[in-house]
Structure formats: C-alpha cells, structure tokens
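# Structural description and commentary
Spelled out, the chains give:
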Amino acid sequence: MRAADFHCERQFSWRRQLIQLIKWNFSMKKREPAFVANDILGTLLFLFILVMLNLGLAVFPGSFSIETLPTLASLCPDASNCIAMGYIQPNSSLPQAASQAILTELAQLIAESEPQFTATNALKAFPSEQAMTDYRNQNDKSLFVGLELQAVNVTNFDTVYYIWVLDSLFASSNYNAVGYTTAQAYLDRAIINAQRSLIGPPGTPKLKSPLTYTANNGVRFASINIKEISVGVQIVFYMILMFQTVTANATRALANDKAILRPGMVVMGLNETVYIFSVLVVQIISSLPVMIVVTIVLCTFGKVFIYASPVLIGVILVLYSMLCAAFGYFLSVIFPDPRQSTGMSFISLYLGLAMYAVGKLSLFDKSGVSTAIQTVWLLSPHACFGRILDLIFSQETILQSVNLTTLSNYPKIRTAVIMLAVDIPIWFILSWVLEKLYPGKDQKGLPITFLFDKKFWIPESVNEAVLGGDLDEIAPIHQEASDDIELVDFTAVGEKQKHSVRVANIVMKFPGSKKKHLGPIGLFHQWLSKKRGKDVDVNVNVGGDEKEVPKEVVALNNVSIDLHSGQTLALLGHNGSGKTTMLSILSGGLLPTAGKMVVKTKTNSPRGYSFLDTSKPMELNLIRRNLGVCPQFDVLFPSFTCKEHLILYAALKGIVVLPSSSPKKTQSELLNEYIDALLEDVDLALKTNVRTVSLSGGQKRKLSLAIALLGNPSLILLDEPTSGMDVGATEKVWKLIQEIKGNKTIIITTHSMEEADTLGDRIAILNKGEFQTIGTSLFLKGKFGVGFRMMVDVKEGGNFDQILDAVKQVFPAADLTASSSTTGSITLVKPEKITSLEYSELLSGLFTKLNALIDVGELKDVNAIGLGQTTLEQVFLSLNDKDDDQRQAS
Ligand SMILES: Nc1ncnc2c1ncn2[C@@H]1O[C@H](COP(=O)(O)OP(=O)(O)OP(=O)(O)O)[C@@H](O)[C@H]1O
C-alpha cells in the first residue's frame, strides 16, 4: 500500500506531543551518556567537597565530645564558699537582653547539675577584669573560672567569649583539670538555650546541662556545638554550586534547541510550550536519582544535616532543582544565543550568591526591612535556597529537628520553602510570557493581550469574522497584466481550489552586517603607517574591518503571486535570489518587513476554510497543521532512526491514521503501517531502523521529504528536496510528487531546470528578490527562449553554409552551432515585435520551403532537418543576459 492510500487526519493533542517529546528527550539523554555522566559527576564533585569540608572542619553538633568532664565544684575545696564562675559585666555595646539571657541560662545550668553552689554563688558579676582579678587575689580559694562575653549575636550565631582560667593552675595542668572545658560546655549549652528561646518554635524545651548526661558506665559527656557562621556560608555556597549543572543544562538545552532545532520543529507542528515543558520535566526527572543520593549523603554520613528530616531536605532539593531548571529557561529566553546564555548561567550564579549574601547581611531578620522586600528578595532562586539552608542550619545549631509536618512551627522556614515552590511557576510563566512577546530575531511576538485571547488557547476559534472578511481586503494583489507574468485564468478553477496561497507585495529586508570599528591593533597599524608617511588602506583588515557593508539586504522586493491548489510552483533562481526566504515567510519562520502571505486553510468556519495570515502567530498555528515542510537543511537527530523520526514528527503534527474497514487495528499499528509505507515511497524501506548519522546526504533528503509528506498536508513547501540525490532517486521523487499532488499546493525551490520543467505547473524565476517572470514552462520558453532550433544533418564532407543562408532569409539573426562535422543546430531567434502566432507561421513556412529545396536537390549537402525547442536552461541564461545588459546600461 502507498502512503497516499492511507487516510490521515490531524488531531492535535498536547498530551500526545508531551509524551512523545518526553520519550524523545530521554532517548537523547540515553544516547549521549558522556553528557549525562558529566552532569552527575559535576553535582557529585561539589557534594564531595561539601562533605569533606564539613567532616574536616568538624562543624556538626556532637563532633566535639569530651569525656569525664570535671565539675566546677571539684575545683573548689569548699563549694559553699566558692563561686562556680565569675563574669565581667557585659560591655554596654553588647545587646544586654541577649547577654543577660545567656548568663541566666548559664546560672541555671550550673545550678541544675552542681547543687553544691547556691543560687547566689553559681555566677558572680564583676565590673571589670581588674575587679575579678582582685577578688581572686583576696579570696584565693573562691574563684577558679571567669568569663567575658566579647560579642553577642544570638540569631547569627557569632557569639564570642573568653574563658579565664588561673595561670598558676594551667601551667601544670590541662584544659579539663582547670575547668576550662567544663565552663565552655556550660557556656555553649547556655548560648544554645538562649538561641532556642529566641529562634526556636514557641515552646521549644531547653537543653539540659551537659553535665547531667550520664552514660551507663557512669561517664559524663559534654557535647560542644561550634557550628560557625563562616562554615554555614560555605555550606550554602557549595550547595548552590552543586546545582549549577541543573541551571546550566536547562539553559544550554533550551537555548541550543531554540537556535538550532526548535524553529524547524515548530514549522512541523511543534508546540513550543509543550516542548519546553518536556525538556524541563526530563531535566527534573533525570536529576531525581542524583538528588536522592545527595539527600542521603547530606543527612547520613556527610553529617551536614543531623536533625532536619531527610524528607524535608529531599523535598527542598527537588524544588530547588525544578527552580534552577525554570530559571535556566528564563536565561535562554533573555539570551537566545546559546553561548551567551550558557555563560550567563554562570554569571547569574555569582549574582545569585551575591543576592544571597546581601539578603543575609542586610535584609533578612533585620529590623526596619519590610517583609515585602524580604519576600521579593526570595524571588531570587539562589537567595531563596540560601535563606532556607541558613534557617535550617540555625535549627541544627540548637539541635532542633525540623521536618515537613512541623514546618508550621517555623514560620520563617515555611515562608521560604513556600517561596521556593512559588518561584518555580513564577519564573516559568514569566519566561514563557516573555518568549511569546519577544520570540526572537525576525519573529513576530504576540500582542500583550494574548493571554486573554480565545484564539491563543483554542486556535480553531479563528473564524471569518476575526479575519475581517473579504479576501481582497486581506491580500490585495496586483494582478494587472504584465509582459513577463502569465496571468492565471481563474475562471477554469473551482471555488475551493482558488487562492490557496496568496503572496502580496512581500518585502523582506535583513539587517546588513555592522560596520566594525578598527580594533586596537588596527588603530596602532594605522598610526604607525601614518607616522611613516604611508597612506593607510582602511580596507586592509588588521584587527578590524573598515569595508563599507550594506546597511540591509533586500532578500525579497515586492513579490506577489496567486496560486491555486492542485498546482506545483517551481521557484528558480541563483544562490541568494530569495527562494528560501520566501518559503520561510510562508511557513511562518520569518516575519516579512512588509506585505502579506495568506494561506487558505481548513477551519471550522461556515465555508469550511479561512484565509489565514502567515504573519499572525495565532493564525499561523492553524496553517501549520496543514503544512508540510522539507527545509533546505535537514532537521534530523543523528542518534535517531528513520522510523523514530517519523514517529516523533507524526506526534508533533498530531497525525491520526483512520482505520480502513477491516481488520480492526490499534492506532499505533495503523501509524506503523503508514510510516512503513511512507518510507517505502521515498525508497528508504531498507533504512527504516538505521540511525540517521549513517545515512548518505541524499538519503537524509529523502527522510526530510518523508517528514514533509507526513499526514498528507494541503500545502507542501520543499526547499531543494532532491539536492544530493542520484538520478534514479531524483526521478522517483519526481514521480512521487506528481502522484501525491492531487488537490495540494506544492512550492518547490530548485536549481535544476529539468526538475522545474518536470514538476512545475508554474515556474517563477526569482532574481535579486524580484520575480523576473512567472508562467508555465511553455510561456517562459516562448517568451524568453531564444526560439526554436533547427537540427541539421549534413553529408560527410558537406557544409552548413547553404542551409544557413536559406534560413537567414527568414530569420536574419539565425546562428549555427556545429556539434560535429555532420550535425549542427541553427537557432531560429524570434524576431522582435512579432507575436507567437506569427512566429509559428514563419517557422512552418520555413520548413515547407526548406523541405521543398531538399526534395529538388537544391540543398545537396543536407540529409535531414528537424525542429527542437529551447530548454528552460536557455530561458534562465537568456534572462541572466538580459539582466546583465540592463545592469550595464544603467
Ligand atoms: N537571516 C539572514 N540574515 C541576513 N541576510 C539573510 C538572512 N537569510 C537570508 N539572507 C540574505 O537574503 C538573500 C536571500 O537569501 P535566500 O536564502 O532566500 O536565497 P536562496 O535563493 O534560497 O539561495 P540558495 O539557492 O543559495 O539557497 C541573500 O542575500 C542572503 O544573504
């Protein structure tokens, strides 16, 4: 069965596109293991550094444990007359309330585990260091340990203190014996308790004195917590770095695809939103296993989180990786150049870290900073993540466990986690809207009101009323008679076929390359040359380029054409004449500078069709559902097979193969059969399961052609479809195109005159962006051909002079080209100012006369004469000559 025998319908389905794209993205990942390994290793490297840092610096609670701490009472010969600790009154620059809270906690802890000390002699205040020293000197058995608070910052955990011990004892003893470690254990616990009351959730119980813990064997332990702010910052820093690959990957993938793959795929029916969603979903799913490993390491032997629940940490990491992916999307929209956006993903990381630092140092928890500003700051992905880590570390520092169910007890953490989750849709939607408004170079953005436009959400809702009615209003086209343009007689064309494509006064201008400034080396060269008295040729490209370059390139200049279905238009023209540009505008890939292209498309309107404008993105969506494009450069994926390509594009185009009467088959069986038939049609059956990387150039073109033909679209644009194909394959493709033509409109660009002659019902020759001529092959040959040629056979040893003289009597400009001593051709150049009819009458008169002369033996050297017509090639060359002449004349 041929592919054309299958009945296909377009049923656009977001779900089907999404599933197919997710599968495709996963397969892409699977087939590029080096990239995947790089992503995983990148994350694991930072995890490793983080864990090493954490373990190496012993920053986690409990890492510093001292056995058998002596009580302070054991230092005093008579505890009831001794003071456990003296302290110097906190300096007035210290926060008095927090300092007092620490001292109160300290007194309570000492009293709790060493009842020998009375409430009054557990702690004694001294106005200065000197007073404390004097007291000890006067009461030599009453004070052994002193304390001085240097800095108190309970919420930021940078409380600094001195512990005073006696020189005389310390010289011959160790930290334990002089009470230093005991005092430190009390003090650290007192600070933790003060912090618990200040930053713990309401009702957080106080920790007991370190000296009240008694293990089974009677040994006492003290655990000393020294989680420092500096270490906390480093942990945040490394954790953010750990996720850099997620942002960089999403940015790279989306920007690369936007620049290379997406435009081609969009023309094939890809829904960009679904595509982006699929890329992000795949990024996130594929980073999940790594996130699980990271969570396990951080919460178990890595000891970065000891109290926080692994589920909470896992959820936060997954949310953050989703946010990084959404932020990567944003970067790819703002910096569409792939190299630029990948670079920006790193710069944004540093900016994000800076935002986190600014937030931490001067915004979060600072009085006078409004909650609104703090919340807005959390819109920065890295600042938000950093803030969450900071807050969780605060709870870790006070040995407090946070988990998902108790999150409501920690309003700051809860707010930050909610912001982390809310940031994901915010960045995604922001990027998505920006991309719709500013889709990129030469593309038309949607109006800002697009979100409220029904046509955007339901393309089928485009109808006649929306389009504004009459065809001529939509695309007024100049159809006045022109010498070089053959008018189509539309009276013979049915209403349904008419105006399938109208191109009206299209102008396309590209910006020319910018004039570069001389670089420093060029400027130096210029200066040096001037010094030496030499004239500087600024066109010499030394470090810069001063050559005059055009401000703009006019690729199409006011071109118009009106086609009807069932017609193939062959576009001919030199390189750079504007053929591809015209197809790109028709497929919506480019936005014209001026003019309109209108395509008649099947819609739900009462007539069953509408004239849709290719420059209106919302109408373009509908056009593309009935469009097949074979681009000049194949949009193929090297690691995918021919069949996989067709399955993917079938899903993008929403192709559904309708079942024939029997037997009953599933949609996937039908699609399979259809794709096999299509591959057979383009002569690729033997390459069905071969990856495109191993296809030849011509075979790749065949696959691109098959993709264009998928689903029997009514408008087919083929940009040099047979380039690189051998003769046999080319002829097969020609045959196929002729077979499928039916009621379709096919526009084909080519450099092959034979192809244009064979396929083109109408042939248009573009030259420097303008139609030089449009018409049937016959029209072109008659109009621009040098005329007919007379083929002449002469006898061996004979000459052509006699016959040439006879011909010149009728066609004075006739010219002879001898291809051998016995064969030659005489061009019968059409005299100017005679009609085609007069020309053919002249020809028939000439042949009658010459045959009579041969018969009577007057042209004794001539064996036979025949008539040959001009080729399209000659038309093309003659138009070239005409153009050259005009240029020289001007
Ligand atoms: N994106 C672009 N930016 C700037 N100039 C462009 C761009 N695309 C095309 N042009 C210019 O527009 C003109 C027409 O190019 P186009 O690709 O349409 O020619 P073509 O007829 O298809 O050529 P070929 O036969 O080589 O494929 C050329 O001068 C080309 O340099």
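Residues numbered from 1 in each chain as written. Predicted model: local features only at pLDDT ≥ 70, side-chain atom pairs only at ≥ 80, totals over all residues. Heavy atoms only, no water.

### Some details on the overall build of the protein chain
Helix and strand counts for the protein chain come out as 30 helices and 22 strands. Here the protein chain holds 890 residues, and 51% of them are scored as buried. Expressed as a percentage of contacts within the protein chain between residues at least 6 apart in sequence, the contacts between residues at least 24 apart total 75%. (Helix = DSSP H or I, 4+ residues; strand = E, 2+ residues; numbered from the N terminus. Buried < 20%, exposed > 50% of the residue type's maximum accessible area, 1.4 Å probe, protein only. Contact = heavy atoms within 4.5 Å.)

### Brief notes about the state of the cysteines
By the definition in use, this model includes 1 disulfide. Disulfide partner of C76: C82, at an S-S distance of 2.2 Å. Taking the torsion about the S-S bond as the criterion, the C76 to C82 disulfide, at about -45°, is left-handed. C82 shares its class with C76; the two are buried. (Disulfide = S-S within 2.5 Å.)

### Looking at the UniProt feature "transmembrane region" (unreviewed entry) in the protein chain
Within this structure's numbering, the places UniProt gives as "transmembrane region" (unreviewed entry) are residues 40–60, 235–255, 275–299, 311–331 and 343–363. Across residues 235–255 one finds 95% helix and 0% strand; the C-alpha atoms that close the span lie 30 Å apart. (UniProt positions renumbered as here; feature names shortened; annotations may be inferred.)

### A look at the packing of helix α14 (residues 381–397) against helix α15 (residues 411–437)
In the contact formed by α14 and α15, the axes pass within 9 Å of each other and the chain directions differ by 160°. When the axes of α14 and α15 are compared, the pair comes out roughly antiparallel. Where α14 crosses over α15, the handedness of that crossing is left-handed. Where α14 approaches α15, its residues P381, C384, F385, R387, I388, L391, I392 and Q395 are matched on the opposing element by K412, I413, A416, V417, M419, L420, D423 and W427. Of the residues in the contact of α14 with α15, the class split is 12 nonpolar, 1 polar and 3 charged. (Axes fitted to C-alpha atoms, helices over the stretch in contact; angles between N-to-C directions. Parallel < 35°, antiparallel > 145°, perpendicular 65-115°, else oblique. Left-handed = near helix turned anticlockwise from the far one by under 90°. Nonpolar A, V, L, I, M, F, W, Y, C, P; charged D, E, K, R; others polar.)

### A look at the environment of I413
Summarising the element assignment, I413 is placed in helix α15. A C-alpha to C-alpha distance of 6.2 Å links I413 and L391, two positions 22 residues apart in sequence. Aside from chain neighbours lying at most four places away, what touches I413 is L391, I392, Q395, V402 and L407.

### Points about a nonpolar patch on the surface
On the surface, F346, I347, Y350 and L351 cluster together into a nonpolar patch covering about 410 Å² of accessible area. Within the element layout of this structure, Y350 appears in helix α12 (residues 338–363). (Patch = residues over 30% accessible without salt bridge, like charges linked within 9 Å, V, L, I, M, F, W, Y side chains within 5 Å. Areas by Shrake-Rupley, 256 points an atom, 1.4 Å probe, with all protein chains shown as cover. Salt bridge = Lys/Arg side-chain N within 4 Å of Asp/Glu carboxyl O.)

### A few points about the side chain of D390
Checked against the element boundaries, D390 lands in helix α14. Judged by its relative accessible area of 13%, D390 is buried. Within the local environment of D390, its side chain forms a polar contact with the side chain of Y356, the two groups lying 3.2 Å apart. Each residue touching D390, except ones within four places of it in the same chain, is listed here: V236, Y356 and K360. (Polar contact = N/O pair within 3.5 Å; in protein donor to acceptor, adjacent residues only side chain to side chain.)

### Side note on the sheet that holds strand β16 (residues 745–750)
One open sheet holds the 6 strands; their spatial order is β13-β15-β16-β10-β17-β18, and the pairing between them is mixed. Of all the strands in the sheet, just β13 (627–630) and β18 (770–775) have a single pairing partner and so form its edges. Between one strand axis and the next, the sheet turns through 15° on average, direction left out of account. As defined by bridge partners, strand β17 (residues 762–767) adjoins β18 across 5 bridges and the pair is classed as antiparallel. Counterpart to N767 in the pairing with β18 is E770. (Pairing = 2+ DSSP bridges.)

### A word on the packing of aromatic side chains
Taken as a whole and assessed by the stated rule, the structure comprises 17 aromatic pairs. Each ring, one from F305 and one from F393, has its centre 5.3 Å from the other, and the planes form 0°; the classification is stacked. Of the two residues, F305 is situated in the loop between α10 (272–299) and α11 (310–334) and F393 in helix α14; the sequence distance between them amounts to 88 residues. There is no split in this pair, since F305 and F393 are both buried. Here the aromatic rings of F327 and F330 are separated by 5.9 Å at their centres, their planes lie at 25°, and the arrangement is stacked. With a gap of 3 residues between them, F327 and F330 both fall in helix α11, about one helical turn apart. Across the pair, F330 and F327 agree in class, each one buried. (Phe/Tyr/Trp six-rings, centres within 6.5 Å; stacked < 30°, edge-to-face > 60°.)

### Thoughts on the pattern of salt bridges
Oppositely charged side chains can pair when the atoms bearing their charge come close. Tallied over the full model, the rule gives 11 salt bridges. When the shortest N-O distance is used, the salt bridge between R502 and D562 registers 2.8 Å. With R502 in strand β8 (residues 501–511) and D562 in strand β9 (residues 552–563), this pair connects stretches of sequence that are 60 residues apart. On the basis of relative accessibility, which here comes to 5%, the residue R502 falls in the buried class. Classification of D562 as buried rests on a relative accessible area of 2%. Because the salt bridges share partners, they merge into one network encompassing D365, R387 and K412.

### What about helix α6 (residues 180–199)?
In a regular helix each residue adds 1.5 Å, so 20 residues correspond to 28 Å; α6 covers 28 Å between its end C-alpha atoms and thus fits that length. Counting buried positions along α6 yields 17 of 20 residues, so the element is predominantly enclosed. (Expected span 1.5 Å × (residues − 1).)

### Focus: the environment of Q244
With respect to the element layout, Q244 can be found in helix α8 (residues 244–259). According to the relative accessible area criterion, Q244 is buried, its value standing at 6%. In sequence terms Q244 and D39 are 205 residues apart; their C-alpha atoms lie 9.5 Å from each other. In this structure Q244 touches S345, F346 and L349, once residues within four positions along its chain are discounted.

### Focus: the confidence of the model for the protein chain
Within the protein chain, residue pLDDT values average 80, and 84% of them lie at 70 or more. For the protein chain, strand β7 (residues 221–224) is the element with the lowest average pLDDT, namely 43, and β16 is the one with the highest, namely 93. Counting contacts from residues 464–469, a segment whose pLDDT is below 50, to residues more than four positions away or on other chains yields 16 contacts. For the stretch residues 514–520, pLDDT sits under 50, and the model shows 19 contacts to residues farther than four places along the chain or on other chains. (pLDDT = per-residue confidence, 0-100.)

### Structural notes on the sheet that holds strand β11 (residues 594–602)
Spatially, 4 strands are ordered β9-β8-β11-β12 in an open sheet, and the strand pairing comes out antiparallel. What marks the edges here is a single partner per strand, and that holds for β9 and β12 (609–613). Strand after strand, the sheet turns through a mean of 25° between neighbouring axes, direction not considered. One ladder, built from 5 bridges, connects β11 with β12; its direction is antiparallel. Looking at β12, one finds that T601 is bridged to S610. Where helix α21 (residues 617–624) meets the sheet, its contacts fall on β11 and β12, and the angle it forms with β12 comes to roughly 125°.

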